[in-house]
Amino acid sequence: MINKYKKGDLVSLTYEITPKKDVMQAIGIVYKISDSQIVICHNFSGVHPIDTTKIYLKNILKSEYIVPNEIKNLDDLKRVEN
Amino acid sequence: MKNIVVARYIDALYFKKNEKLDFSQFKTHIAIGELVDNNNIIFCFTKKNKKPNTGLLLTQESIVFKKNKKNKLYNFNYLSKIGVNVGIYWNDIVYFVNGKIPEMCTKAYTEGKLFSVTSNAIIIKDPKTILLKKKVINHPADEKQSYCVIPKSFVTDIQFYDK
């Protein structure tokens, strides 16, 4: 499972949190990975993470690699579908 | 997956009491998330049961575009006002948690002495910042600050109180 992700991958991970059985989704960059958990970073200041989410690998239900669009001007915002 | 976006943005800076003012430029932050509202530019970082749970509300002025629009306060002659007590009204970006998506940016008011002005920032000494919500809240809530650095593009109005 660990080999599936590597630092710097852009991912969307769907996972469950027990015992409530809520289904969560986290979007961001793989920042750290260990035998049991993965840390996803959602925003950075330079190379320093600001917001992160820790996820146990065993709780991951679905993973997707993502290719985000960069917002470079206001028209890019208008083009994004609601 | 069509709404996954990356944005580069800047945010105001606070320096704690006794912390050296170390500022030359705003660091560019990078956010990755799903755009859930393109009018208020709301990014969601995590979802809980398919609903946005944590994220960020950015203003157009906080996003780093190739050409940012400059408001009239950009070209104001601040140099003659150095050392003067000022009150600055500005729009702050908002982090949200627990699914509490903000409807709009936070209106903030910072009062203090005009310490310095750079090409894109206003530096206030001994600032007191309040968030103008239904209930006035000190910001940051728990610590006294020595300096506050506000991007000029965030500023909506300035009041000068004495010379």
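Please refer to the structure placed before this passage.
Attention here is on the structure that accompanies the text.

Criteria and cut-off values
- Residues numbered from 1 in each chain as written.
- Chains lettered and ligands numbered in written order.
- Predicted model: local features only at pLDDT ≥ 70, side-chain atom pairs only at ≥ 80, totals over all residues.
- Heavy atoms only, no water.
- Helix = DSSP H or I, 4+ residues; strand = E, 2+ residues; numbered from the N terminus.
- Buried < 20%, exposed > 50% of the residue type's maximum accessible area, 1.4 Å probe, protein only.
- Contact = heavy atoms within 4.5 Å.
- Phe/Tyr/Trp six-rings, centres within 6.5 Å; stacked < 30°, edge-to-face > 60°.
- Lys NZ or Arg CZ within 6 Å of the ring centre and 35° of its normal.
- Core = buried A, V, L, I, M, F, W, Y, C linked by side-chain atoms within 4.5 Å.
- Buried area = accessible area lost by both parts, 1.4 Å probe.
- Salt bridge = Lys/Arg side-chain N within 4 Å of Asp/Glu carboxyl O.
- Nonpolar A, V, L, I, M, F, W, Y, C, P; charged D, E, K, R; others polar.
- Pairing = 2+ DSSP bridges.

All names here are of chain B. Position of Asp92 among the secondary structure elements: in strand 6 (residues 85–92). Accessibility expressed as a relative area gives 6% for Asp92, which makes it buried. Residue contacts for Asp92: discarding those within four places in its chain leaves Asp11, Tyr14, Cys105, Thr106 and His139.

With that settled, the discussion passes to the packing of aromatic side chains. With the rule as written, the count across this model stands at five aromatic pairs over all chains. Centroid distance Phe23 of chain B to Phe26 of chain B: 5.0 Å. Interplanar angle 65 degrees. Geometry classified as edge-to-face. Note on accessibility: Phe23 of chain B and Phe26 of chain B belong to one class, buried. Taking the ring centre of Tyr56 of chain A as reference, the NZ or CZ of Lys58 of chain A above it sits at 5.5 Å. Directly above the aromatic system of Phe160 of chain B lies the positively charged group of Lys81 of chain B, at a separation of 4.8 Å from the ring centroid.

Looking now at the nonpolar core. Soluble, globular proteins show a tendency: their nonpolar side chains are buried together. Ranked by size, the top nonpolar core spans 24 residues in total, and within it Phe23, Ile88, Trp90, Ile122, Val149, Ile150 and Val155 of chain B carry the most contacts. Within the residue set of this core, elements represented by two or more residues are strand 6, strand 8 (106–117), strand 9 (121–131), strand 11 (145–151) and strand 12 (155–160) of chain B. Considering each element in turn, this core owes the most residues, five residues, to strand 9 of chain B. Core analysis: the second largest hydrophobic core is formed by 15 residues, Ile71 of chain A together with Val5, Ile41 and Phe45 of chain B among them.

Another point: the interface of chain B and chain A. For an interface, size is often stated in terms of accessible area lost upon the parts coming together. At the interface, 35 residues of chain B touch 32 residues of chain A. Of the roughly 2,900 Å² buried where chain B meets chain A, counting both sides, 56% is carbon and sulfur surface. Joining chain B to chain A, the criterion identifies two salt bridges. Note that Arg8 of chain B is salt-bridged to Glu70 of chain A, the shortest N-O span being 2.7 Å. Of all the elements in the fold, those that place two or more residues in the side of chain B that touches chain A are strand 1 (4–9), strand 3 (29–37), strand 4 (42–48) and strand 5 (51–57) of chain B. Broken down by element, the side of chain B that touches chain A gets its largest block of residues, eight residues, from strand 3 of chain B. Per-class residue counts for the side of chain B that touches chain A are 18 nonpolar, nine polar and eight charged. As paired elements, strand 6 (residues 69–70) of chain A and strand 1 of chain B share two bridges and run parallel to each other. Among the inter-strand pairings, Glu70 of chain A is bridged to a residue of strand 1 of chain B, identified as Val6 of chain B.

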